[in-house]
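# Structural characterization, general
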Amino acid sequence: MGRIFISAAHGGKEARGTDPGAIAGGTTEAKEMILLRDLIVTELRARNVEILAVPDDLSAAQTITWINSRGRRGDVALEIESNAANSPSVRGAGVFYIANNSERKSNAEQLLVGLLRRVPQLPNRGAKPDTNSGLGSLAFCRQTTLPALVMEVGFLTNPEDRTLLQSRRRDFALGIADGLVTWSRVIDPTPGTPAEANYPPINININGQNYSEQGVLVNGNAYIPIDLVDRLRIDLSKTPNVNRITYRKVVYVKAIELRDFNVAVTWDAATRTVSLRSNLVVCPGQFSRVMSNGTTSELQLQLFLKNNNESALVKFPDIPKLYQEEAGIEGVNYDISFCQMCVETGFLRFGSDIRPEQNNFAGLGAIGGGSEAASFPSARIGVRAHIQHLKAYASLEPLVQDVVDPRFRFVTRGIAPLIDQLSGRWSADLDYGTKISAMLKRLYESAGLL
């Protein structure tokens, strides 16, 4: 059995001392996760398992560097965190793993089983690829050189989850310790440094054609030669966080990282083949431009919504059609506005401060500065207001239809033509644009456009 690295997450990029993470019920994510982490460490040491706790004064980036500088083959890494949601009714535990890694998915499921056996009252949110996270990827899963998982032990904003965590903290610790021991035992303990390791070769397929050179499989992740990345005209020189290894005098990069460059990456375990598809149907120049054309069909939008919330179309059966029509009238990209709606409403689950009957799909505020969000008489008018507000930010052109957006006149016209420029404006969240872009990428992948 290798060693186990464990980090108590705090929700942000700063050190725990300056960033408490989520705050709810008179406590903080940092406090709760550190208390839980300490119990896990105590339990594992009692079982004679070698465990290294990441210092609490490190930022998220420093945490990864700290682990990478000490990790060796056979070790694993876990970050524990609590979740938060607009609605206090959302609850449950889940585990994120690096996308397209079936081995890591199995490890995540084992870890989750360990916790839920000890705390069966905790709803199971499942093992999920990190592409399903709000940001579209998780640095802890991607940039940690060891096999790494991120575990959400519950929602701090949910009273039941919070009470469970605080009253049965030792059961949480025992369950996570059980899962960690199981996971650590199945990791390949082959000795040797990466330079001495013998990584199994894998096949590479690009846009349906077999590539003459092979890649390698490292910790269940497909790595491809850097020469292939150059052939795809992808410049990684400005992305230092992309994992690179040198193996037998050849530099390789983790294939899944190319997803950020509009390359779809899939893995076929039966043939040991990593497939890359770079023929992006969507014009790259339109991908982040709010005033552009949508690409998906109404059916593709319906399926995307239903696959993420089975009941989403029950109350709003025409929502994809409404976004296509209303956005088309004003020249707004309906793919972008639809994905923003998915981010804002949680795939039409809504939150505590906005009710479905308000037909407010984008968190639009009312005039007067009150706490109540704006309400609209129908779904179509709610979508229209959303589109108009987007156009206000993205364009200097006049509206085609009469104004229904209550805050249209307060926006500085044309200040945010790109998705990322909505961050800190539409929402105080500085990652707001990144979350919409990640959702857009999920939509295009599900529709086969990426």
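Rules used throughout
- The written sequence of each chain sets the order in which its residues are numbered from 1.
- With pLDDT at 70 or above as the cut-off, local features in this predicted model cover only qualifying residues; side-chain atom pairs require 80 or more to be listed or tallied, and sums for whole chains, interfaces and linings still use all residues.
- In computing side-chain values, all of the structure's heavy atoms are included and hydrogens and water are not.
- Numbering goes from the N terminus for both helices and strands, where a helix is a DSSP run of H or I of at least four residues and a strand is a run of E of at least two.
- Only C-alpha atoms enter the radius of gyration; for comparison, a globular chain is expected to reach 2.2 Å times N to the power 0.38, where N is the number of residues.
- Note on classification: 1.4 Å probe, protein chains only; a residue is buried when its accessible area is under 20% of the maximum for its type, exposed when over 50%, partly exposed between these limits.
- Whether two residues touch is decided by their heavy atoms; if any such pair falls within 4.5 Å, the residues are in contact.
- For the accessible areas, the method is Shrake-Rupley and the probe is 1.4 Å, while residue cover comes only from the protein chains on display.
- When charges are tallied, Lys and Arg are placed among the positive residues and Asp and Glu among the negative ones, while His and the ends of the chain are skipped.
- Where a charge sits is defined by one atom per residue type, namely NZ (Lys), CZ (Arg), CG (Asp) or CD (Glu).
- Only strands that DSSP links by at least two bridges are regarded as paired with each other.
- Cavities and pockets were defined on a 1 Å grid built from protein atoms only: a cavity is a group of points that admits a 1.4 Å probe but offers it no way out, a pocket is an open group of points flanked by protein on both sides within 12 Å along at least five of seven lines, and a lining residue is one with an atom within 4 Å of any such point.
- Grid points are joined across faces, edges and corners, and a volume is the space filled by probe spheres set on the points.
- Between the first and last residue of a helix there are one fewer steps than residues, each counted as 1.5 Å, and that sum is the expected span.
- Between Lys or Arg on one side and Asp or Glu on the other, a salt bridge is scored when a side-chain nitrogen of the former is within 4 Å of a carboxyl oxygen of the latter.
- Under the pairing criterion, centres of Phe, Tyr and Trp rings, with the six-membered ring standing for Trp, must be within 6.5 Å; the plane angle then separates stacked pairs below 30 degrees from edge-to-face pairs above 60, leaving the rest tilted.
- Between N-to-C directions, angles cover 0 to 180 degrees, with each direction set by a line fitted to C-alpha atoms, over the stretch in contact for helices.
- In this scheme, roughly parallel covers angles under 35 degrees and roughly antiparallel covers those over 145, while 65 to 115 is roughly perpendicular and the rest are oblique.
- Here a crossing is taken to be left-handed if its near helix is turned anticlockwise relative to the far helix by less than a right angle, and right-handed if that turn runs clockwise.

Let us look at the overall build of the protein. When its secondary structure is counted, the protein shows 13 helices and 16 strands. A compact globule built from 450 residues would reach a C-alpha radius of gyration of about 22 Å, and the protein, at 23 Å, matches this within 12%. Referenced to the eigenvectors of the C-alpha coordinate spread, the extents of the protein come out at roughly 70 × 60 × 35 Å. With 450 residues in all, the protein has 52% of them scored as buried. Put simply, of all contacts in the protein between residues at least 6 apart along the chain, 67% involve residues at least 24 apart. Of the roughly 19,700 Å² of accessible surface on the protein, 49% is carried by carbon and sulfur atoms. Between the averaged position of the 49 positive side-chain charges in the protein and that of its 47 negative side-chain charges there is a distance of 2 Å.

Moving on, we come to the pairing of strand S8 (residues 148-155). When you tally the buried positions in S8, you get 8 out of 8 residues, the bulk of the element. By the bridge criterion, 6 bridges tie strand S5 (residues 76-83) to S8 in an arrangement that is parallel. Paired with Glu79 across the strands is Val150, a residue of S8. Across 3 bridges, the pairing between strand S6 (residues 93-97) and S8 is antiparallel.

So, on to empty space enclosed by the protein. Enumeration over the complete set of coordinates arrives at 2 cavities of 30 Å³ or more. Put simply, the largest cavity is a space of about 100 Å³. Lining the largest cavity are 14 residues, with Ala99, Asn100, Gly220, Asn221 and Ala222 sitting closest to its centre. Elements with a contribution of two residues or more to the lining of the largest cavity: strand S12 (221-225) and strand S15 (264-268). It is S15 that provides the largest number of residues to the lining of the largest cavity, a total of 3 residues.

What follows concerns helix H13 (residues 432-446). Between its first and last C-alpha atoms H13 spans 21 Å; for 15 residues at 1.5 Å apiece the expected length is 21 Å, and the two agree. Buried positions along H13 lie against helix H8 (298-308) and helix H11 (334-345). At the C-terminal side of H13, Gly448 shows a positive phi close to 75°.

For the rest of this paragraph, the subject is the pattern of salt bridges. Counted according to the given criterion, the structure contains 22 salt bridges. We note a salt bridge from Asp171 to Arg168, for which the minimum N-O separation is 3.0 Å. Residue Asp171 is classed as partly exposed on the basis of its relative accessible area, which comes to 25%. On the basis of relative accessibility, which here comes to 21%, the residue Arg168 falls in the partly exposed class.

Checked against the element boundaries, Thr131 lands in the loop between strand S7 (124-129) and helix H4 (139-143). Discounting chain neighbours no more than four positions away, the residues touching Thr131 are Ala99, Gly136, Arg142, Arg259 and Arg442.

Turning to the packing of aromatic side chains, a few remarks are in order. Two measures describe an aromatic ring pair: the distance that separates the ring centres and the angle between the ring planes. Considering all chains together, one arrives at 10 aromatic pairs under this definition. Note on Tyr247 and Tyr252: the rings are 6.5 Å apart at their centroids and 55° apart in plane angle, and the pair reads as tilted. Looking at Tyr247, the relative accessible area reads 5%, which means it is buried. Every member of this aromatic cluster is reached through a ring pair, and the members are Tyr199, Tyr247 and Tyr252.

Where H11 meets H13, the closest approach of the two axes is 9 Å, and the angle between their N-to-C directions is 115°. Put simply, H11 runs roughly perpendicular to H13. Of the two elements, H11 crosses H13, and the hand of that crossing is right-handed. Contacts from Asp335, Ile336, Cys339, Gln340, Cys342, Val343 and Glu344 in H11 reach Tyr432, Lys435, Ile436, Met439, Leu440, Leu443 and Tyr444 in H13.

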